[in-house]
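Observations on chain architecture
Each chain is listed here by its residues.
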Amino acid sequence: MRLTPETPEVRVPRLIGLMAVDARERAEARGVLLAAPDRPDFPLTVVDYVVRQYPPPGSEIPRGAVVTVWFDLGDAEGGAGVREPRLPLPPSGGLRRELDEPGDPFEALRSVRP
């Protein structure tokens, strides 16, 4: 365990984007504790990625204070979710609606020849 110099306050490290195991190591190195309300098995969590934390990175907190991390965005916070079908549906036709039918590509050449 790597300890920072003994100061009454420490800066919260940036944990967002780290795997759980790396987040625990970085927090321990900075002298703060981690809690994960969405993971009751947090001490065993290894490869899930941190998507949110509180307090935010760079905040000063007392040494030994708890930083809360979340691994799941949940239903209301911008997860990928279900994107199809979109309503109303776009009009049918696509490019055929916008462009003329191509027809015979050699028609212009045939009209020029005697």
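Within each chain, residue numbers correspond to sequence positions counted from 1 in written order. Reporting of local features is limited, given that this is a predicted model, to residues whose pLDDT is at least 70; pairs of side-chain atoms are given and counted only at 80 or more, and all residues count toward the totals for whole chains, interfaces and linings. Derived side-chain values reflect all non-hydrogen atoms in the structure, with water molecules and hydrogen atoms excluded from consideration.

The name given to the protein in an unreviewed UniProt entry is PASTA domain-containing protein, with the source organism recorded as Streptomyces kaempferi.

1. Considering the pairing of strand E5 (residues 66-70)
Just so we agree on the cut-off: When a residue's accessible area, from a 1.4 Å probe over protein chains only, is under 20% of the maximum for its type it is buried; when over 50% it is exposed; and in between it is partly exposed. By the criteria applied, helices consist of DSSP H or I runs no shorter than four residues and strands consist of E runs no shorter than two, each listed in order from the N terminus. Pairing between strands is defined by DSSP: at least two bridges between them are needed.
Among the five residues in E5, four count as buried, and that is most of the element. Pairing geometry for strand E3 (residues 52-54) and E5, over three bridges, is antiparallel. Directly across from arginine 52, in E5, lies its bridge partner tryptophan 70.

2. With respect to the packing of aromatic side chains
For the record, the criterion: Pairing of aromatic side chains here covers Phe, Tyr and the six-membered ring of Trp, requires ring centres within 6.5 Å, and sorts the geometry by plane angle: under 30 degrees stacked, over 60 edge-to-face, intermediate tilted. Charges are assigned to positions over rings by a cutoff of 6 Å between ring centre and Lys NZ or Arg CZ, combined with an angular limit of 35 degrees from the ring normal.
Evaluation of the coordinates by the stated rule reveals one aromatic pair. On the basis of an interplanar angle of 35° and a centroid distance of 5.8 Å, the ring pair of phenylalanine 42 and phenylalanine 71 is categorised as tilted. With phenylalanine 42 in the loop between strand E2 (33-35) and E3 and phenylalanine 71 in the loop between E5 and helix H2 (95-98), this residue pair connects regions lying 29 residues apart in the sequence. Each member of the pair, phenylalanine 42 as well as phenylalanine 71, is classed as buried. The positively charged end of arginine 24 is found above the aromatic ring belonging to phenylalanine 42, 5.1 Å away from the centroid.

3. Here's the deal with helix H1 (residues 20-30)
Rule in force here: Any two residues having at least one pair of non-hydrogen atoms within 4.5 Å are treated as being in contact.
When H1 is considered as a whole, its buried residues turn out to be Ala20, Ala23, Ala27 and Ala29. Buried positions along H1 lie against E2. One or two residues past the end of H1 sits glycine 31, with phi positive at roughly 85°.

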